[in-house]
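What follows is the residue order along each chain.
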Amino acid sequence: MDKVVDKIAALPPREPYHSLEFFPPKTSMGFQNLQARLERMARALRPLFVNVTWGAGGSTATKSLQLAEICQRQLGLTTVLHLTCTNMSQAVLDETLETAKEIGVRNILALRGDPPRSDDYHNTPCDGTSNGVGKEFEYAIDLVKYIREKYGDYFCIGVAAYPEGHVEGASPEKQDPLFDLPFLVEKVKAGADFIMTQLFYDTDKYLWFEKLLREESSGVLSELPIIPGLMPIQNYSMLKRITKLSGASLPADILRRLDDVKGDDEAVKRVGIDIVSEVIEKIKAANLSGPRGFHFYTLNLEKAVSFIIERTDLIPPPDESVLEEIEGPVVNGVNRRDRRTSSVTSDPHNRVIVDDSSSLQSSRLANALEAGFLKPPEQSRPPEVALAISEGEGALGREATWDDYPNGRFGDARSPAFGEIDGYGPSLHLSQAQAIKLWSYPVTKQDVSDIFVRHIKGELEAIPWSEQGLSAESKIIADHLVKLNQKGFWTVASQPAVNSAKSTDETFGWGPKGGFVFQKAFVEFFCSLEDWEILKTKLEGVEDISYYAANKAGDYAASVPLDGDAMHAVTWGVFPGKEYKEFPHPS
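Conventions used here
- Counting from 1, residues in each chain are numbered in the order their sequence is written.
- Two thresholds apply to this predicted model, a pLDDT of at least 70 for residue-level local features and 80 or more for giving and counting side-chain atom pairs, whereas whole-chain, interface and lining totals are computed over all residues.
- Water and hydrogen atoms were dropped before computing side-chain values, which therefore reflect all heavy atoms in the structure.
- Helix and strand assignments come from DSSP, with helices taken as H or I runs of at least 4 residues and strands as E runs of at least 2, each series counted from the N terminus.
- Burial classes: relative accessible area under 20% of the type maximum marks a residue as buried, over 50% as exposed, and values in between as partly exposed (1.4 Å probe, protein chains only).
- Here, residues are in contact when the closest pair of their heavy atoms is within 4.5 Å.
- Per-residue and other accessible areas were derived by the Shrake-Rupley procedure at a 1.4 Å probe size, with only the shown protein chains allowed to occlude residues.
- A pairing counts as a salt bridge when a side-chain nitrogen of Lys or Arg comes within 4 Å of a carboxyl oxygen of Asp or Glu.
- In summary, the charge assignment counts Lys and Arg as positive and Asp and Glu as negative, without counting His or the chain termini.
- Polar contacts, as counted here, are pairs of nitrogen or oxygen atoms within 3.5 Å of one another; within protein the pair requires one atom able to donate a hydrogen and one able to accept it, and residues that are adjacent in sequence qualify only if both atoms are side-chain atoms.
- Here, a strand pair is defined by DSSP locating no fewer than two bridges between the strands.
- To get an axis, a line is fitted to the C-alpha atoms, and for a helix only the part in contact is used. The angle between two axes follows their N-to-C directions and goes from 0 to 180 degrees.
- Throughout, the term roughly parallel applies to angles under 35 degrees, roughly antiparallel to angles over 145, roughly perpendicular to angles from 65 to 115, and oblique to all others.
- The nonpolar class holds Ala, Val, Leu, Ile, Met, Phe, Trp, Tyr, Cys and Pro. Asp, Glu, Lys and Arg form the charged class, and all remaining residues, Gly among them, are polar.
- For a helix, the expected span equals 1.5 Å multiplied by the number of residues minus one.
- In this analysis, rings of Phe, Tyr and Trp, with Trp reduced to its six-membered ring, are considered paired at centre separations within 6.5 Å, and the interplanar angle assigns stacked below 30 degrees, edge-to-face beyond 60, and tilted for intermediate values.

Peer 1: Help me get a handle on the overall build of the protein, residues and values and all.
Peer 2: The helix and strand tally for the protein stands at 18 helices and 20 strands. Counting all 587 residues of the protein, 52% fall into the buried class. Summarising the internal contacts of the protein: among those between residues at least 6 apart in sequence, 72% fall at separations of at least 24. Surface summary for the protein: the accessible area is close to 26900 Å², and the carbon and sulfur share equals 51%.

Peer 1: Tell me what's going on with the pattern of salt bridges, and back it up with residues and numbers.
Peer 2: When the charged atoms of two side chains with opposite charge come close together, those side chains can pair. Overall, the coordinates contain 18 salt bridges when judged by the stated rule. Two residues, Asp94 and Lys150, come together in a salt bridge whose shortest N-O distance is 3.1 Å. With Asp94 in helix H4 (residues 90-102) and Lys150 in helix H5 (residues 140-151), this pair connects stretches of sequence that are 56 residues apart. Judged by relative accessible area, Asp94 falls into the buried class, the value being 18%. You can call Lys150 partly exposed: its relative accessible area is 42%. Between Asp260 and Arg256 there is a salt bridge, with its nearest N and O atoms 3.7 Å apart. Taken together, the salt bridges that share partners define one network made up of Asp253, Arg256, Arg257, Asp260 and Glu278.

Peer 1: Could you give an account of the side chain of Glu21, with specific residues and numbers?
Peer 2: With respect to the helices, strands and loops of the structure, Glu21 is situated in strand E1 (residues 16-22). Although buried, Glu21 forms no salt bridge, and the nearest oppositely charged side chain, Arg241, lies 14 Å from it. Polar side-chain contacts of Glu21 include one of 3.4 Å to the side chain of His82. Those residues in contact with Glu21 that lie beyond four places of it in its chain are Asn51, Thr53, His82, His295, Phe296, Tyr297, Thr298 and Leu299.

Peer 1: Please provide a residue-by-residue account of the sheet that holds strand E5 (residues 156-161), values included.
Peer 2: Strand pairs in the sheet, formed through backbone hydrogen bonds, run parallel or antiparallel to each other. Pairing in this closed barrel of 8 strands is parallel, and the strands run E1-E2-E3-E4-E5-E6-E7-E8 around the ring. Strand-to-strand, the axes of this sheet are offset by a mean angle of 30°, without reference to chain direction. Pairing of strand E7 (residues 226-230) with strand E8 (residues 292-297) involves 2 bridges; the strand directions are parallel. Bridge pairing in E8 places Gly229 opposite His295. Contacts between helix H6 (residues 177-189) and the sheet are confined to E5 and strand E6 (194-199), with E5 contributing the most and set at about 180° to the helix.

Peer 1: Any details on the packing of helix H15 (residues 445-456) against helix H17 (residues 478-486)? Residues and values, ideally.
Peer 2: Each pair of packed helices can be summarised by the angle the axes make with each other and by the distance between the axes. Contact geometry for H15 and H17: axes closest at 9 Å, N-to-C directions at 175°. The pairing of H15 with H17 is recorded here as roughly antiparallel in orientation. In this structure, H15 contributes Ser449, Phe452, Val453 and Ile456 to the contact, and H17 contributes Ala478, Leu481, Val482, Asn485 and Gln486. Residue composition of the contact of H15 with H17, by class: 6 nonpolar, 3 polar and no charged.

Peer 1: So what about helix H3 (residues 61-74)? Which residues, and what values?
Peer 2: Across its 14 residues, H3 extends 19 Å between first and last C-alpha, which sits within 8% of the 20 Å expected from 1.5 Å per residue. Every buried residue of H3 is accounted for by Ala61, Ser64, Leu65, Leu67, Ala68, Ile70, Cys71 and Gln72. Along its buried surface, H3 packs onto E1, helix H2 (28-45), strand E2 (49-52), strand E3 (79-84) and H4. Where H3 terminates, the next one or two residues include Gly76, which has phi positive at roughly 70°.

Peer 1: Describe the packing of aromatic side chains, listing the residues and the values that go with them.
Peer 2: Aromatic ring pairs are defined here through the distance separating the ring centres and the angle between the ring planes. Under the defined criterion, the tally for this structure stands at 9 aromatic pairs. Geometrically, the ring pair formed by Tyr151 and Phe155 is edge-to-face, given 5.2 Å between the ring centres and 75° between the ring planes. Take Phe155: its relative accessible area is 1%, and that puts it in the buried class. Judged by centre distance (5.8 Å) and plane angle (55°), the rings of Phe179 and Phe183 are tilted. Of this pair, Phe179 and Phe183 both sit in helix H6, 4 residues apart, which is roughly one turn of the helix. By relative accessible area, which is 41% here, Phe179 ends up partly exposed. With a relative accessible area of 51%, Phe183 lands in the exposed category. Taken together, the ring pairs connect Tyr151, Tyr154 and Phe155 into an aromatic cluster.

Peer 1: Provide a residue-level description of helix H10 (residues 265-285), including the pertinent values.
Peer 2: An α-helical turn contains 3.6 residues, so a residue and the one three or four places further along point in the same direction. If you check H10, its first and last C-alpha atoms are 30 Å apart, about what 21 residues at 1.5 Å a residue would give, namely 30 Å. Between a side-chain oxygen at the N-terminus of H10 and the backbone nitrogen of Glu266 the separation is 3.1 Å; the capping residue is Asp264. After H10 finishes, the residue Asn287 shows a positive phi value of roughly 55°.

Peer 1: Tell me what's going on with the environment of Val570, and back it up with residues and numbers.
Peer 2: Tracing the sequence through the fold places Val570 in strand E19 (residues 569-574). Accessibility expressed as a relative area gives 10% for Val570, which makes it buried. It is 5.0 Å that separates the C-alpha atoms of Val570 and Lys520, two residues lying 50 residues apart in sequence.

Peer 1: Describe unusual backbone geometry, with residues and values.
Peer 2: In this structure, Asn300 is a non-glycine residue whose phi angle is positive, near 65°. Topologically, Asn300 is positioned in the loop between E8 and helix H11 (303-311). Residue Asp313 is not a glycine yet carries a positive backbone phi of 60°. Of note, Asp313 is situated in the loop between H11 and strand E9 (323-325). Given a relative accessible area of 53%, Asp313 falls into the exposed group.

Here's what the structure looks like:
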C-alpha cells in the first residue's frame, strides 16, 4: 500500500496522522548525517509518509532521487517525490519518472516551481509537453496531465494549494484564494489525487479555506484529501523571511508573542512549539470530515517537530523499542517525571523520543560518525543507556544541537540542515516584470555596483539573493560597505566587531538573558580576479586578518589551515548555565 491516498483511506474516521518533508543537504557530510536522523525520526515518529523536495529546474535531481530511494527502499517509508516542471527539460522529467518507478516511489507532488522565464534565462530548454505541440511546461497542470497520460494510475499525484492565495514573487500583487480556486479545480480534474497546502499560521484563514474547497460548486474537492502544511518556528529572522516569501500572514497575537522573545532562539522555539501545537489542536477541534492529517516542513530539523508531534498526539500507537515509558507522578491521568531543561523546551511528557542501543550500530549512524560531527557515546556509560535526542541527553543528544545557530546567521556544513534551510534556495523570487522594475537592465560593472550601493542605502528593497534590507548591525558599517561596493567589491554578508555585548542588546544580542555575545568583523564579497590578486598581496603578513577565497573553477585559497577539526569562529556567546558555544562562518 504505497499510495498516499490508499493509506489515508485505510485509516479510521477522524484518525489523525502526519507526514514529514526533507530536502537533500548541500554537502556529503550533511547527507550522511541526515540518513541517521531520518532513521531515528522514522522509528520514533512513524509518519504516514515522507516528502522529498526538488530543486529549481532539477538542480537537485540526483540527490533528490538518492534521498527518495533511501526513504522508500531502505527505511520502508511511503515516499512522495516533489517535481517542478518550469525551467527544466522534459528529458529530465522523463528520466526522473522512470527512476522513481524503478525505486518503488508511487507518489508525486506536482508543482510549477519558479515562474516561467523567457528564452534568455533558460539553460535547459524543454522539447515538448503532454499535448505534443512543442510548448514547454508552464504550470503544474501540464505536469499532472503529462503523468496521467504517460503512466495512467500508476502514480498518486498531489498538488499544492494556498490558504491565503498564491504569491508571485516577493511583492505579491494578486494574492486571493478565490482567484486561485478555478486553477486548483482544473488540476484536480486533470488527475490530482490529493492536496497539500502552503504553510500558514492563521488557523481561521485555513479553516475558511478548507470550507471554501469543500463547498466548491463542481464538487470535485468535496472529499479529496486536503493536508495542511505546517512549518515549526526555528528562529525569528527565518520566520519573517519565509512568511514574506510565501505570503503567509502572522496574526497579531502570534507576532506579539514572538516579538517578546525574538532575540532568544531557545525561547522562540518554545513559543513556536506552543503556536504550532495550538494550530493543530484548533484544526482537530473543528471536526472536519475524514482522517485529519498534518504535513510538517521539517527543514531537516528534528527537535521542534518532534515535540509538536508528541504533544499533539500525532504519533501512532507506541512501539516500545523507540518510545520509552518514564516512571513518575501521575498528573491529570498522565504518568510524568521531572526532567532537566532541554535546549528546546522543558515541557514534560510521559514518553520521550530516544535512540536505543541497537540503533547505535546502524550503518547510517556509522556513516554519520565518519562524516565528522556525531561522536560515539562515552565509553563510561553502559551501552544499553538510551539517548534522548530531543532532550539533548547524552553525547548524541548534545551534538544534535549543531543546528541551533543564533537567529539563523550561520550553518555547519556537517549538519543535515545545511543548504537551502528555508526551502526557497538562491533562485530568483521575483517575476521577470518585478525584477526589471527593481533592477532595470544592468550591463556594465558600474551598473551592478550601483545596484549594490542603492540596496545598502535602503533605496532598493531587495537584491537577487536577499528579499530584505540591511540588518541593523550591518547598517552600523554601511558607509564602509558603500565605499567597498563603489570600488567594485560587491558585498553579500558582513558584520562589525562586538566585544561582550549583552545578549539582550537590541542590535547585537541573541540567546537567553544574562549572557554576553562576541563577534569578529568580517565581510564577504565578489570581486574580479585582478582585484583579488592585488588584495591578496596586501593581506599577506597581516596577522590579525584571515581570509578565504574561491572562484567558479573551484580554485581555493586561505590564510588559515582547514583540517577536519579546525574551527574559525566569527560569533560566540557565553550564557549562565550553558555550554560555551562557537558559531563558525561557513567556508
